[in-house]
Amino acid sequence: MNTPTNEATDGTLAHGVFLFLLLFTLWLLLTGSLDPAELIAGAMVALAVTLISRPHLNIFTGLRLTPSAILPFLSYLGLFLVELIRANLDMARRVLTPSLPLQPALVEVKTELQSPLGRLILANSITLTPGTLTVDVLEDRLVIHWVEVPPGLTIEDATRSITGKFERHLKGFVK
Amino acid sequence: MTLTLVEIIALSILGIAVLLSLLRLLLGPAAPDRVVAADTLSVITTSGLVVLAALLGSPLYLDVALIYGTLSFVGVVAIARAIEGNGS
Amino acid sequence: MRLLADIVLLVGAVFTLLGALGLLRMPDVYNRIQAGTKAVTLGALSLILGIGLLYPQWWSKLLVIALLILVTNPLGSSTIARALLIAGVKPWTKTPTTAVKERES
């Protein structure tokens, strides 16, 4: 699936360890017990799944696994929660207004994120923020359905107001 | 567990939400509208199963919610692929 | 604790209702997806948080369900929206757009 020479998608040992820890954490959360037998079984299953799927699973190689990635990740989470609540209040206002204030259109924005994981997180974030829905990802452009497009908008303006605030934090922990 | 007044109100509101989504599912008008309604309904059902687990005091329903959520997502993606195929 | 949980549950139910109402009121399928996804996601998260406050011992599985909804719901909606665009469903609009034309060519 991946060529050994391609550094961008190949990942490192750290990504394998990350996948193992992710699977092991999922096991712990699902079983909800710290019994030694459960821990050993979970570690074995997580290890087996990691070894089998790691060569074919490249999505997590987009992660930057450095200590400096933690701060952007946390600030991204905070921003995301605030935007999610704002999006809902905005949608509630539109739905409850008898005249349905809508001026929808499809717009295109550019993203600087290179990895599929980065674009996936960005697309999902856009879907859950005020008035926007990611419709398609074409290379480095995202097609977005926007419920109320401000008049006279260029790609640059749209990029700045939709992706800008997320990208700033996302760049810190994904490629 | 015995319900408080607020909880009964919350459950009634959730019930109305399910009915409204069902109405969209029935009205259509086109197949995509029904798919979107079914998608929304499945998420409401997932959270509804979590509420049911609490009502019956049985964590078993949490597993049901988890599997239901996963399967409905796979179903939505499959239907979306089918719609895509018809167009091109 | 019970009162706080009840309030969170009520907020979750109200947002779910608003999502369903949006699903019913919006003029076209893309706007329906928007209303449906956003409000119902936050509604589901609030309901799960409320149940978590009532039954703190269930936190780990509730967390997994919340993460599942948070990841799959917007993804599923985007997948439907993309399929509709490829299948040629035009968004309801007051002004013509460039993106639709580009997809068709």
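Structure: see above.
Residues numbered from 1 in each chain as written. Chains lettered and ligands numbered in written order. Predicted model: local features only at pLDDT ≥ 70, side-chain atom pairs only at ≥ 80, totals over all residues. Heavy atoms only, no water.

Participant: Help me understand the overall build of chain B, please; the structure alone is not making it clear to me.
Facilitator: When helices and strands are counted, chain B shows three helices and zero strands. Secondary structure of chain B in N-to-C order comes out as α-α-α. What you see for chain B is a C-alpha radius of gyration of 16 Å, clearly larger than the 12 Å of a compact globule of 88 residues, by over 25%. Along the first, second and third principal axes, the C-alpha set of chain B runs to 55 × 25 × 10 Å. (Helix = DSSP H or I, 4+ residues; strand = E, 2+ residues; numbered from the N terminus. Rg over C-alpha atoms; globule rule 2.2 N^0.38 Å.)

Participant: How should I be thinking about the sheet that holds strand β2 (residues 132-138) of chain A in this particular structure?
Facilitator: Strand pairing within a sheet occurs via backbone hydrogen bonds; the two strands may be parallel or antiparallel. Reading across from one edge, β1-β3-β2 (chain A) is the order of the three strands in this open sheet, with antiparallel pairing throughout. Looking at strand neighbours, the two that pair on one side only are β1 (105-110) and β2 of chain A, the edges of this open sheet. Adjacent strand axes in the sheet meet at a mean angle of 30° when their direction is disregarded. This element, helix α5 (residues 116-127) of chain A, spans β2 and β3 (141-146) of chain A of the sheet and lies at about 155° to β2(A). Each of β2 and β3 of chain A touches helix α2 (residues 29-54) of chain C; the most contacted strand, β2(A), lies at about 110° to it. (Pairing = 2+ DSSP bridges. Axes fitted to C-alpha atoms, helices over the stretch in contact; angles between N-to-C directions. Contact = heavy atoms within 4.5 Å.)

Participant: I would appreciate a short explanation of the interface of chain B and chain C in the present structure.
Facilitator: Interface size is commonly expressed as the accessible area that is lost once the parts come together. In this assembly, 51 residues from chain B lie in contact with 43 residues from chain C. With both chains or domains summed, chain B and chain C bury close to 4000 Å², and 79% of this area falls on carbon and sulfur atoms. When the buried surface of chain B facing chain C is broken down by residue, Arg24(B), Val36(B) and Phe73(B) rank first, second and third, together holding 14% of it. Summed over the shared surface of chain B and chain C, the result is three salt bridges. Where chain B packs against chain C, one counts six residue pairs in polar contact (both at pLDDT 80 or more). Listed by contribution, the elements that provide at least two residues to the side of chain B that touches chain C are α1 (5-27), α2 (31-56) and α3 (60-87) of chain B. In terms of residue count, α2(B) provides more of the side of chain B that touches chain C than any other element does, 15 residues in total. Partitioned by chemical class, the residues of the side of chain B that touches chain C number 32 nonpolar, 12 polar and seven charged. (Buried area = accessible area lost by both parts, 1.4 Å probe. Salt bridge = Lys/Arg side-chain N within 4 Å of Asp/Glu carboxyl O. Polar contact = N/O pair within 3.5 Å; in protein donor to acceptor, adjacent residues only side chain to side chain. Nonpolar A, V, L, I, M, F, W, Y, C, P; charged D, E, K, R; others polar.)

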